[in-house]
Amino acid sequence: MELCIRSRAILNWNQQIPQFLGKFSVSATLNNQFLQVNKNKSKNPFNSYKLTPLWRQSHCPAFPQCARKSAASSSSSSVAVESEKDRLPADIRVTETVEPNSRLRLTVEVPEAVCDDCYSRVMNEFMKQARVPGFRPGKNVPESILLSYVGKENVQKATIESVLKRTLPHAMSSVTGRALRDSIRIVTKFSDMEKAYSSLNTLRYDIIVDVAPEVKWIPENAYKILKIVVEIDSDVDAQTASEKELRRRQKSLGAMRIVTDRGLQIGDVAVLDISATKVDEDNSSINIPDAESKGFHFDTEDGDKVLPGFLDSIIGMQRGETKSFPLVFPESWNQENLRGVQAQFTVECKELFYRDMPELDDSLADKLLPGCTTLQQVKESLLQKCQEVERTARDQATDNAILDQLHKMVEIDIPRSLFEEQGRQFYGAKLLEVQAKMKLNEEQLASLSSPKAVNEYLENQKQNITKVIKQNLAVGDIFKRENLEFSTDDLVKEVENSISEFKRHKQEYDEERVRDQVQEILEGAKVLEWLKEHAEIQYITK
């Protein structure tokens, strides 16, 4: 079993030495809960859940703000490095070994002089705290009597912890500014340290630490020659969308009439019962529940939104008629389980209507769009609104295309701690959604927060988590390389807005983390803005 020492353990040692010496307990081994829910702060644990921004997690030269933060400023979440390291009577020796996944192994060799000094300090503390029969408090007690009273084994354990507490800050000096939060742990077994100390009066232990990964562009500076193709949905086209919206509003002013003397034609609305089956390998028919619908109101002008060939197959059907026909679900179908499936559809036309719509002219302007006096005003207003939607959609599609391209252009040896941290953010956000919809009880929360549930999520979402980490690190690297900046006023304003939202929803927040998240967003916006100015972008309509 590993001896896991995190910052919280070290801080406990600093703050609780008297109590620790009075009643010994090995405080070095801590459980590393992957998803922690604080039940004491709030009845709803998700109110206090915070998502740590990825770019701020790594104290990494690649990210300007991270580089400006000292290791001491992040000690509460990585390793507790004292502002002034305790001076040691002799130098310790630290050897670095590079391991996969941006991980370093630090082998720390503590000389006898340091161990002896720690032993003396521990004995002095025991002497102050111990109540040895026959000796007044605070008086010197012979070492042999004190050892007999406290127990040699307890003194030895306390000495080893004292050695770790004093030498860790020195050992971690070589990775200051590189160590990732919550990634540092001692992997040497405590029992092995006890054996080494008792036999040699020296100590040797190994530390594993994840460091900020290097971003390698393939080819070098690939982001400077970025070429992307952005697909825009035809429904987003402002002209097309405005025409459809005008038609929809015109339809809402029309009256529905029953068709009695003809079959279904374009422009009609039909009420349909639909069922579908597929033929299995043994020629047996299997129902397709996802394709079944009772009383489906089908507007024939929306024929492009249904399965290709469906509208053509039912044109001409009359009220009360049933028709059967085969269709194949295309490979681009939204439901993956139906892609490429050959299905036999059965459709019954229950009702058939047509719209008796008024003519489009100025007299309808105010009804089509309140405040307008002419049809031309209606068209121009609708077009303007649709153009705003189109710009937003194009910008979003462009950002997504750029980010999708970036993660393919970098090689990054992602540390496990960074992967888990990003995964925890995703999982926490998912639980927030579930909690908002279902109001989970404590038992359900405990089940969803279990290590098993989290590990399953990490495994299932491994590809997506890795993709996002690569995107974020690539963006952070570009921000630093191109010396991009944003104004302090923008940062302050956005932080204030975010905090106001937390307060409005009566949610707890960490101001420093809010600031970090806002900073991440502003950095990302600047990088995307820079890339859009320098990239070769082609837009196509699908």
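For the protein chain, the name recorded in an unreviewed UniProt entry is peptidylprolyl isomerase, with Jatropha curcas as its organism. UniProt annotates the protein chain under Function (unreviewed entry) with the comment "Involved in protein export. Acts as a chaperone by maintaining the newly synthesized protein in an open conformation. Functions as a peptidyl-prolyl cis-trans isomerase." Its UniProt record, at the heading Sequence similarities (unreviewed entry), says of the protein chain: "Belongs to the FKBP-type PPIase family. Tig subfamily."

Colleague: Can you help me understand the sheet that holds strand E4 (residues 203-210) in this one?
Modeller: Through backbone hydrogen bonds, the strands of a sheet pair up, either in parallel or in antiparallel fashion. With antiparallel pairing, 4 strands are arranged side by side in an open sheet as E1-E2-E4-E3. Strands at the two margins of the open sheet, each flanked by one partner only, are strand E1 (93-99) and strand E3 (185-186). Relative to strand E2 (residues 103-110), E1 is paired through 7 bridges, and the arrangement is antiparallel. When the bridges of E2 are listed, Val98 appears paired with Leu104. Against the sheet, helix H7 (residues 152-171) makes contact with E1, E2, E3 and E4, and its axis sits at roughly 50° relative to E4, the strand it touches most.

Colleague: Looking at this structure, how should I read the packing of aromatic side chains?
Modeller: For any pair of aromatic rings, the description rests on two quantities: the centre-to-centre distance and the angle between the ring planes. Inspection of every chain in the model, using the stated rule, returns 12 aromatic pairs. Where Phe310 meets Phe325, the ring centres are 6.0 Å apart and the plane angle is 65°; that geometry is what we call edge-to-face. Placement of the pair is Phe310 in helix H10 (residues 310-314) and Phe325 in strand E11 (residues 322-328), with a sequence separation of 15 residues. Considered together, Phe310 and Phe325 belong to a single accessibility category, that of buried residues. For the pair Phe325 and Phe345, a centre-to-centre distance of 6.1 Å together with 10° between the ring planes defines the contact as stacked. Pair noted here: Phe325 is in strand E11 and Phe345 is in strand E12 (residues 342-356), with a separation of 20 residues, a long-range link. For Phe345, a relative accessible area of 5% corresponds to the buried category.

Colleague: Explanation requested: the packing of helix H17 (residues 488-504) against helix H18 (residues 511-534) in the structure shown.
Modeller: Each pair of packed helices gets described by two things: the angle between the helix axes and the distance between those axes. Between H17 and H18, the least distance of the axes is 9 Å, while the angle of their chain directions is 125°. In terms of axis orientation, H17 runs oblique to H18. Here H17 runs over H18; the crossing is right-handed. When H17 is examined against H18, the residues Asp490, Leu491, Glu494, Val495, Ser498, Ile499 and Phe502 are found in contact with a partner set consisting of Glu511, Val514, Arg515, Val518, Gln519 and Leu522. Across the contact of H17 with H18, the residue classes tally to 7 nonpolar, 2 polar and 4 charged.

Colleague: Quick question: what am I supposed to make of H17 here?
Modeller: Given 3.6 residues per helical turn, the α-helix brings residues three or four places apart onto the same face. Under the 1.5 Å per step criterion, the end-to-end length of H17 is 24 Å for 17 residues, consistent within 8% with the ideal 24 Å. Of the positions making up H17, those classed as buried are Leu491, Val495 and Ile499. For H17, the buried positions fall inside an angular range of 60° around the axis, keeping them on one side. Across H17 from its buried face, at more than 90 degrees, point the exposed residues Asp489, Lys493 and Arg504.

Colleague: Please clarify how the pairing of strand E8 (residues 269-279) should be interpreted in this entry.
Modeller: Two faces make up the sheet, and in a regular strand the side chains alternate between them. For E8 and strand E10 (residues 293-299), the ladder comprises 5 bridges, and the chain directions are antiparallel. Looking across to E10, one finds that Val271 is bridged to His297. By the bridge criterion, 3 bridges tie E8 to strand E9 (residues 285-287) in an arrangement that is antiparallel. In the strand pairing of E9, Thr277 is matched with Asn287.

Colleague: Got a minute to help me understand unusual backbone geometry in this structure?
Modeller: Where the residue is not glycine, phi is negative for most of them; where a peptide bond is considered, it is trans in most cases. That bond from Ile218 to Pro219 is cis: its omega, -10°, falls within 30 degrees of zero. Among the secondary structure elements, Pro219 is positioned in the loop between strand E5 (216-217) and strand E6 (227-232). In this structure, Ser102 takes a positive phi of about 50° despite not being glycine. On the secondary structure map, Ser102 appears in the loop between E1 and E2. A residue is classified by how much of its surface remains accessible, and Ser102, at 11% relative accessible area, is buried.

Colleague: Just checking my understanding: could you explain the pattern of salt bridges for this structure?
Modeller: Tallied over the entire structure, the rule returns 29 salt bridges. Its salt-bridge partner being Lys532, residue Asp399 comes within 3.1 Å of it at the nearest N-O pair. Of this pair, Asp399 sits in helix H12 (residues 375-406) while Lys532 sits in helix H18; the two residues are 133 residues apart in sequence, bridging distant segments of the chain. You can call Asp399 buried: its relative accessible area is 16%. Judged by relative accessible area, which is 29%, Lys532 ranks as partly exposed. One network of salt bridges, with partners in common, ties together Arg247, Lys251, Asp299, Glu301 and Arg355.

Thresholds applied
- Residues numbered from 1 in each chain as written.
- Predicted model: local features only at pLDDT ≥ 70, side-chain atom pairs only at ≥ 80, totals over all residues.
- Heavy atoms only, no water.
- UniProt positions renumbered as here; feature names shortened; annotations may be inferred.
- Pairing = 2+ DSSP bridges.
- Helix = DSSP H or I, 4+ residues; strand = E, 2+ residues; numbered from the N terminus.
- Contact = heavy atoms within 4.5 Å.
- Axes fitted to C-alpha atoms, helices over the stretch in contact; angles between N-to-C directions.
- Phe/Tyr/Trp six-rings, centres within 6.5 Å; stacked < 30°, edge-to-face > 60°.
- Buried < 20%, exposed > 50% of the residue type's maximum accessible area, 1.4 Å probe, protein only.
- Parallel < 35°, antiparallel > 145°, perpendicular 65-115°, else oblique.
- Left-handed = near helix turned anticlockwise from the far one by under 90°.
- Nonpolar A, V, L, I, M, F, W, Y, C, P; charged D, E, K, R; others polar.
- Expected span 1.5 Å × (residues − 1).
- Arc of directions from axis to C-beta.
- Salt bridge = Lys/Arg side-chain N within 4 Å of Asp/Glu carboxyl O.

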